[in-house]
Amino acid sequence: MPTTADTTIAALRSGHDELAALVRDLGPTDLTRPSGASEWQVSQVLSHLGSGAEISEATLDAALRGAPAPDADFNKQVWARWDAMSPIAHAEGFLDANRRLVERYESLDAATRESIRIDLGFLPDPVDLGTAAGMRLSEFALHEWDVEVGFNRYATVAPEAVPLLLDQLDRLLGWIGRPDAIADLPVELALRLSDPDRSLGLRLADRVSLAGAPEQPAGEIAGPAEAFLRLAAGRLAPEHTPETMTVTGPLDLDDLRRVFPGY
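Residues numbered from 1 in each chain as written. Predicted model: local features only at pLDDT ≥ 70, side-chain atom pairs only at ≥ 80, totals over all residues. Heavy atoms only, no water.

### Concerning the nonpolar core
Phase 1 of the analysis: By size, the foremost hydrophobic cluster in this structure holds 72 residues, and its most contacted members are Leu46, Leu173 and Phe228.
Phase 2 of the analysis: Per-element accounting of this core gives the leading share, 8 residues, to helix H7 (residues 129-149).
Phase 3 of the analysis: Ignoring anything within four residues of it in the chain, the contact list for Phe228 reads Leu169, Leu191, Leu193, Leu202, Ile221 and Met245. (Core = buried A, V, L, I, M, F, W, Y, C linked by side-chain atoms within 4.5 Å. Buried < 20%, exposed > 50% of the residue type's maximum accessible area, 1.4 Å probe, protein only. Helix = DSSP H or I, 4+ residues; strand = E, 2+ residues; numbered from the N terminus. Contact = heavy atoms within 4.5 Å.)

### Focus on empty space enclosed by the protein
Phase 1 of the analysis: Following the criterion strictly, the structure yields 2 cavities of 30 Å³ or more and no others.
Phase 2 of the analysis: Along the walls of the largest cavity sit Ser138, Leu142, Leu165, Gln168, Leu169, Leu172, Ile176, Leu229, Ala232, Ala233 and Tyr263, which together make up its complete lining.
Phase 3 of the analysis: Where the lining of the largest cavity is concerned, the elements lending two or more residues are H7, helix H8 (162-168), helix H9 (170-176) and helix H10 (225-232).
Phase 4 of the analysis: Its residues placed into classes, the lining of the largest cavity shows 9 nonpolar, 2 polar and no charged.
Phase 5 of the analysis: Its boundaries defined by the atoms lining it, the second largest cavity holds a volume of some 40 Å³.
Phase 6 of the analysis: Lining the second largest cavity, in full, are Ala11, Ser14, Gly15, Leu137, Phe140, Ala141, Glu144, Ala158, Glu160 and Ala161.
Phase 7 of the analysis: Sorting the residues of the lining of the second largest cavity by element identifies helix H1 (4-23) and H7 as the ones contributing at least two each.
Phase 8 of the analysis: The element best represented in the lining of the second largest cavity is H7, accounting for 4 residues.
Phase 9 of the analysis: Partitioned by chemical class, the residues of the lining of the second largest cavity number 6 nonpolar, 2 polar and 2 charged. (1 Å grid on protein atoms, 1.4 Å probe; cavity = no way out; pocket = protein on both sides within 12 Å on 5 of 7 lines; lining within 4 Å. Points joined across faces, edges and corners; volume = space filled by probe spheres on them. Nonpolar A, V, L, I, M, F, W, Y, C, P; charged D, E, K, R; others polar.)

### Here we look at the pairing of strand S5 (residues 208-212)
Every regular strand shows the same layout, with side chains that alternate between the two sheet faces.
Phase 1 of the analysis: In the sheet, strand S4 (residues 198-204) pairs with S5 via 5 bridges, with the strands oriented antiparallel. Residue pairing for S5: Leu204 is matched across the bridge by Val208.
Phase 2 of the analysis: Taken together, S4 and the strand that follows it, S5, pair antiparallel across an intervening segment of 3 residues. (Pairing = 2+ DSSP bridges.)

Below is the structure:
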């Protein structure tokens with residue numbers, strides 16, 4: 001039976017193949033178009049993904065060798081090098097760096113996938129491969145959308161990634177959510193998602209968290225799971241909101257957009 005690490009690595013592979021097919025055909029003008037990330041053009045998103053892939057591969061290598069994780073100076077040097085690249089170099093560098101990272105994940109045998117613990121450098125303890133790869137998938141899938149929506153306003157988060165990202169969303173909501181953006185707290189909303197189906201509770205209090213479906217919710221959020229993921233990541237502007245996404249009760253979508261301004 002596939003493990004979480006296995007399915008996450010498979011999603012990273014399919015995501016890379018899909019995005020790479022688009023990126024290979026982009027010219028200089030395409031690469032300087034606005035992306036779904038409000039402050040970045042397409043090439044800057046690719047730079048972020050490429051530099052992140054390079055750092056992730058170095059972190060994985062350190063774990064495999066039993067060495068300390070790369071330090072902050074290493075990361076800064078990588079970012080500075082990528083920042084100095086041209087848009088075309090961003091695209092070419094992304095294709096190479098992300099391919100290498102995915103291939104390194106794929107090369108790990110079952111025993112290593114089970115046993116390895118990876119020091120990401122910003123968490124108190126090393127994490128298992130499923131967690132490390134899942135954090136990369138969260139970053140990759142949303143930035144893949146950032147690139148694709150620059151060319152297709154109806155782009156969605158890759159379906160292979162959506163259930164995996166939902167399963168790790170609760171640990172992110174506490175630091176990406178801004179419940180103080182609304183006045184009347186606490187508020188507990190029913191969250192009814194589709195593709196995949198989920199029935200949960202979204203609680204806005206001193207922090208934002210997920211819970212079981214509430215018995216007496218103040219309102220309800222209903223719609224595609226991938227749209228809720230984009231809402232939580234600050235990527236559900238009106239022009240990218242499906243008609244099937246609805247909010248009832250004391251809050252509306254604009255309130256929730258303020259709670260989730262993006263990261």
